[in-house]
Amino acid sequence: MRFMGAQYVEEAAESCAALLRTVVDEDWENTDAAGLEWSCRFTATHVASDFLGYAGNLASRAQTSYVPFDITVDGDEKGNYRADNAGLIDVVTTTGALFAATLRTAPRAARAYHPYPFRSANRDGFAAMGIAEALLHTHDIAQGFGVPYEAPAELAEYVLTTIFPGVRPGPAPWPTLLWATGRGELPGRARVTEWRWCNNLVLPTERLTLEGVTPAAAADLAAGGDGGFDWVADGPFEGTRAAAGMMLKAYESGVHRPEFGVFALVRREDDRAIGGIGFHGAPDEDGRAEVGYDLAESARGQGYATEALRALSAWALDRDDVRLLMATVEETNHASQAVVTRAGYVRATIEEQREVHAQEQHEPLEKEADLRLYLRGRD
């Protein structure tokens, strides 16, 4: 999957500038952007500031806070601006170009600080956040002046599938993004009053990084692509593609919870993806969730699956909404049985297996060999 974030940022900056050019002779300072307590001039400056701020954080790999700088648009602290509206449009396109250049030079694995919700973002996340700021605030400015604006559908879809993984797709990307950010309505859905975008979760281990797969990456993996990861020669394995397909269906039906999705296992020494791990879905009302994993054949026998399963299990069981994890392993898969055992799981009793099976299938377990279930609960 080709990284499109830099190109999309440039297109978003130009989309913003194109709208601004249609109102260049209006009074930006004394016209409020719709839904905001900001003037249209301040809102346009905010877009440029976000472009530059995101570029700064990603370029510096800041890990604990925003890089402490901001943009000044050729004016003084009393608001006596010398830059006219046309000059501010140039600032938007210039900062967009600088941000795009930063994205193009950032390594795939680069991450930097952003507070929501897991304290970091990768280059796709930063690109999507910058695009969202540009498109949505262009909409706000257009509404303030009473002129029409429609963002490119491809850009809106990129934002939704990258940083709005919990939002069920709507009839079209742009109206869905407006709805998801409290700016519009969709038939059959309650109006949004509070919202926050969501960058992917990353869990580090000694030798691996577990990188949360976005809906965009899941769609690419399920279709036979690489999902934006650099895979070992024999990866991804079929189980990872199947899991990505299951996650994509959950996203499309509106039940996907990104922290309980699929994670790519990326080897830290060479940034190669070697497998996948994740959940079959969010925990049920009793706090139970099921895990699954697979590795490319070339990465097996080196303890990677155990290392990943330990990390994911510890993270999940540290949450208030998870009380018990389950792993179902085929009777003949002795290697996988060893993995779950080393990760702290114990084989369920026949009665426990019968209970779980009955709750999930609504029918009794006929034979003891039908399941081989391993459990790990809170210590």
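Residues numbered from 1 in each chain as written. Predicted model: local features only at pLDDT ≥ 70, side-chain atom pairs only at ≥ 80, totals over all residues. Heavy atoms only, no water.

Brief notes about the overall build of the protein chain
The line we're drawing: By definition, any uninterrupted DSSP run of H or I lasting at least four residues is a helix, any uninterrupted run of E lasting at least two residues is a strand, and each is numbered from the N terminus. Working definition: with a 1.4 Å probe on protein chains only, accessible area under 20% of the residue-type maximum means buried, over 50% means exposed, and in between means partly exposed. Contacts: residue pairs with any heavy atoms within 4.5 Å of one another. In this tally, Asp and Glu contribute negative charge and Lys and Arg positive charge; neither His nor the terminal groups of the chain are included. Charge positions come from single atoms, namely NZ of Lys, CZ of Arg, CG of Asp or CD of Glu.
Counting its regular elements, the protein chain contains eleven helices and ten strands. Principal-axis analysis of the C-alpha atoms places the extent of the protein chain at approximately 80 × 45 × 35 Å. Taking all 379 residues of the protein chain together, the buried fraction comes to 53%. Pairs at least 24 residues apart make up 65% of the contacts formed inside the protein chain by residues separated by at least 6 positions. For the protein chain, the separation between the mean place of its 35 positive charges and that of its 57 negative charges on side chains is 5 Å.

A few points about the environment of Ala55
Structurally, Ala55 is set in helix α2 (residues 40–60). Owing to a relative accessible area of 6%, Ala55 belongs among the buried residues under this scheme. On a C-alpha basis, the gap between Ala55 and Val67 in space is 9.9 Å, while along the polypeptide they are twelve residues apart.

Here we look at the side chain of Thr161
Mapped onto the elements of the fold, Thr161 is located in helix α5 (residues 153–163). What Thr161 contacts, discounting residues up to four positions off in sequence, is Thr214, Pro215, Ala216 and Tyr251.

Side note on the packing of helix α4 (residues 123–145) against helix α6 (residues 173–180)
Quick note on the threshold: Axes, fitted as lines to C-alpha atoms, cover a helix only where it is in contact. Angles between the N-to-C directions of the axes lie from 0 to 180 degrees. Oblique is the label for any angle not under 35 degrees, not over 145, and not in the 65 to 115 range, which are roughly parallel, roughly antiparallel and roughly perpendicular in turn. Residue polarity is assigned by list, with Asp, Glu, Lys and Arg as charged and Ala, Val, Leu, Ile, Met, Phe, Trp, Tyr, Cys and Pro as nonpolar; anything else, Gly included, falls into the polar class.
Contact pair α4 / α6: the axes reach a minimum separation of 11 Å and the direction vectors enclose 80 degrees. The orientation of α4 relative to α6 falls into the category roughly perpendicular. The segment α4 lies against α6, with Leu135, Leu136 and His139 engaging Trp174, Leu177 and Leu178. The residue inventory of the contact of α4 with α6, partitioned by class, reads five nonpolar, one polar and no charged.

Some remarks on the nonpolar core
To keep it simple, the criterion reads: In this description, a nonpolar core means a group of buried Ala, Val, Leu, Ile, Met, Phe, Trp, Tyr and Cys residues linked to one another through side-chain atoms lying within 4.5 Å.
Core analysis: the biggest nonpolar cluster contains 67 residues, and Leu20, Trp28, Ile131, Phe164 and Trp174 have the highest contact counts within it. Among the elements of the structure, α1 (5–22), α2, α3 (85–105), α4, α5, α6 and α8 (238–253) are those that each provide at least two residues to this core. Other than its neighbours up to four places away in sequence, Ile131 contacts Gly5, Tyr8, Val9, Ala12, Leu155, Tyr158 and Val159.

Regarding a negative patch on the surface
Inclusion rule: Residues form patches when they are more than 30% accessible in relative terms and have no salt bridge. Like charges link within 9 Å. Nonpolar side chains (Val, Leu, Ile, Met, Phe, Trp, Tyr) link within 5 Å. Here, Shrake-Rupley sampling with a 1.4 Å probe gives the accessible areas, and only protein chains in the shown set may cover a residue. Salt bridge criterion: a side-chain nitrogen from Lys or Arg within 4 Å of a carboxyl oxygen from Asp or Glu.
Residues Glu285, Asp286, Glu351, Glu352 and Glu355 make up a contiguous surface patch of negative charge. Looking at where Glu285 falls in the secondary structure, it is placed in the loop between β6 (272–279) and β7 (288–295).

Re the sheet that holds strand β5 (residues 262–267)
The strands that make up a sheet are held in pairs by hydrogen bonds between backbone atoms, and each pair lies either parallel or antiparallel. Our working rule: Pairing between two strands requires that DSSP report at least two bridges joining them.
Across the sheet, which stays open at both edges, the eight strands sit in the order β3-β4-β5-β6-β7-β8-β10-β9 with mixed pairing between neighbours. Among the strands making up the open sheet, the edge pair consists of β3 (202–204) and β9 (346–347).

Digging into the pattern of salt bridges
For the structure on display, the rule yields 14 salt bridges. Arg21 serves as the salt-bridge partner of Glu14, at 2.8 Å between the closest nitrogen and oxygen. Where Glu259 meets Arg257, a salt bridge forms, and the shortest distance between an N and an O atom there is 3.4 Å. In this structure, a network of salt bridges that share partners links the residues Arg257, Glu259, Arg319 and Asp321.

A look at the packing of aromatic side chains
Note the threshold: Stacked, edge-to-face and tilted labels apply to pairs of Phe, Tyr and Trp rings (six-membered ring for Trp) whose centres lie within 6.5 Å, assigned for plane angles under 30 degrees, over 60, and everything in between, in that order. A positively charged side chain is recorded as over a ring if its NZ (Lys) or CZ (Arg) lies within 6 Å of the ring centre. The angle to the ring normal must also be within 35 degrees.
Under the criterion given, the structure shown has 13 aromatic pairs. Taken together, a centroid distance of 6.1 Å and an interplanar angle of 45 degrees make the contact between Tyr54 and Phe99 tilted. Note that Tyr54 is positioned in helix α2 and Phe99 in helix α3, a separation of 45 residues in sequence. On the basis of relative accessibility, which here comes to 6%, the residue Tyr54 falls in the buried class. Each member of the aromatic cluster is reached from another via a ring pair, and the members are Phe51, Tyr54, Phe99 and Phe126. The cationic tip of Arg189 hangs over the ring face of Trp179; the distance from NZ or CZ to the ring centre is 5.0 Å. Against the face of Tyr116 rests Arg196, its NZ or CZ located 3.6 Å from the ring centre.

As for the environment of Ala156
When you line up the elements, Ala156 lands in helix α5. Residues in contact with Ala156, not counting those within four places in the same chain, are Leu135, Pro173, Trp174 and Leu177.

Some details on the environment of Met129
Relative to the assigned elements, Met129 resides in helix α4. A relative accessible area of 0% places Met129 in the buried class. When sequence neighbours within four positions are dropped, the list of residues in contact with Met129 reads Tyr54, His114, Ala121, Ile163, Trp197 and Asn199.

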